[in-house]
Amino acid sequence: MEKRIKKAIFPAAGLGTRFLPATKASPKEMLPIVDKPMIQYAIEEASGCGIEEFIIITGKYKRAIEDHFDSAFELEENLKKAGKKGLLEEISRLNHLHFAYIRQKSALGLGHAIYCAKPFVKDEPFAVLLSDDIIDPDDSLLQDMINLYQKYNAPILALQKVPMSEVHKYGVIDGSKVGDGVYKIGSLVEKPRMADAPSDLAIIGRYILTPGIFEILEGIGPGKGGEIQLTDALSGLLKKRPIYGYLFTGTRYDAGDKVGYLKATVDLALKNPQVSEPFKKYLIAVSSRLKN
Ligand code: UTP
């Protein structure tokens, strides 16, 4: 099978209920972190790893995502005339990328969202990036996973250790360590209760998958929460072939959650040269106000 990962799927058709009312008629994936929508961080991460085709799964009220990645002729002309070279470069930087949009008609779950991409993926391995899991742009998680895929020729799931009190929010694995940060997965369970969790190793929003997953997704019914769960399909795939996990020890923000979103905003603002200095001063003032 093809070893290069050229395609990536970005499921973005969820309802974003944790962000209501902001997400009532606008996509969660378009919420900005400093000056870029969440989904752009994921697109840039994938583009930096040599991904060539970007498949976005959209749904109701998600049109702004398509507009965002379209070229903006009028705006570009205006910026050109106004001599705003920096901004022009910034907004046209992604114009050369190839996007495809697939509509998930109803939010039936992450597994179903990925299944919708089957006709575009065909017979190739592919990456999946959940854009509300923001990975620090200085980390190399996706590239490390692609390298592992090339070594093991098997699906690779990103894992992170989470407090046991939070395992109920994730798919959790049981596995044996086979290398530096690499686990051979023995079983997976979606959103277990703390007492039933096989470990504290949670699956986070980066995956390298093989097309065999589509056949399994086709055959599974609703799981936890009445949704077609990717974790259930991965359990099915595990019966047919090995799957590996890669333990991420860098920084991830769960920006689909309000507090995670605020943390991402603060940390990424502190890294942004345009705002870091005045923002840092403000944070220092806030922190001394909170201490008093
Ligand atoms: P989440 O579990 O974060 O769900 O989905 P959500 O709907 O976005 O947000 P909440 O939990 O209601 O607040 C994880 C990822 O899977 C996508 C989401 O867009 C998000 O990127 N997803 C989820 C779909 O594309 N389709 C679905 O049916 C469900």
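Each remark here, short or long, concerns the structure printed above.
A short tour of the structure in this document, coming up.

Definitions and cut-offs
- Residues numbered from 1 in each chain as written.
- Predicted model: local features only at pLDDT ≥ 70, side-chain atom pairs only at ≥ 80, totals over all residues.
- Heavy atoms only, no water.
- Helix = DSSP H or I, 4+ residues; strand = E, 2+ residues; numbered from the N terminus.
- Expected span 1.5 Å × (residues − 1).
- Buried < 20%, exposed > 50% of the residue type's maximum accessible area, 1.4 Å probe, protein only.
- Contact = heavy atoms within 4.5 Å.
- Near = heavy atom within 4 Å.
- Polar contact = N/O pair within 3.5 Å; in protein donor to acceptor, adjacent residues only side chain to side chain.
- Areas by Shrake-Rupley, 256 points an atom, 1.4 Å probe, with all protein chains shown as cover.
- 1 Å grid on protein atoms, 1.4 Å probe; cavity = no way out; pocket = protein on both sides within 12 Å on 5 of 7 lines; lining within 4 Å.
- Sits in = over half its atoms within 2 Å of the grid points.
- Nonpolar A, V, L, I, M, F, W, Y, C, P; charged D, E, K, R; others polar.

1. A look at unusual backbone geometry
No. 1: In this model, Leu20 is joined to Pro21 through a cis peptide bond whose omega is 5 degrees.
No. 2: Within the secondary structure, Pro21 sits in the loop between strand S1 (7-11) and strand S2 (32-33).
No. 3: For Tyr61, which is not glycine, the phi torsion reads 65 degrees and is therefore positive.
No. 4: Tracing the chain through its elements places Tyr61 in the loop between strand S4 (53-58) and helix H2 (63-68).

2. What about helix H7 (residues 141-152)?
No. 1: With 12 residues, H7 extends 16 Å between its outermost C-alpha atoms, agreeing within 8% with the 16 Å of an ideal straight helix rising 1.5 Å per residue.
No. 2: Phi for Asn153, located one or two positions after H7, is positive at around 50 degrees.

3. Quick notes on the side chain of Thr58
No. 1: Within the secondary structure, Thr58 sits in strand S4.
No. 2: The buried category is assigned to Thr58, whose relative accessible area is 2%.
No. 3: If we ignore the near neighbours within four places in the chain, the residues touching Thr58 are Ala12, Ala13, Glu66, Tyr101, Ile102, Arg103 and Gln104.

4. Digging into the site of the ligand
No. 1: Taken together, 17 residues lie around the ligand, and Leu15, Thr17, Arg18, Lys28 and Gly109 are the ones closest in.
No. 2: In the model, an oxygen atom of the ligand is placed 2.7 Å from a nitrogen or oxygen of the Leu15 main chain.
No. 3: Within the complex, the protein chains bury 84% of what would otherwise be the 570 Å² of accessible surface of the ligand.
No. 4: Mapping the ligand onto the cavity grids shows that it belongs to the largest pocket.
No. 5: Counted by class, the shell around the ligand contains eight nonpolar, five polar and four charged residues.

Geometric values such as these leave the question of function open.
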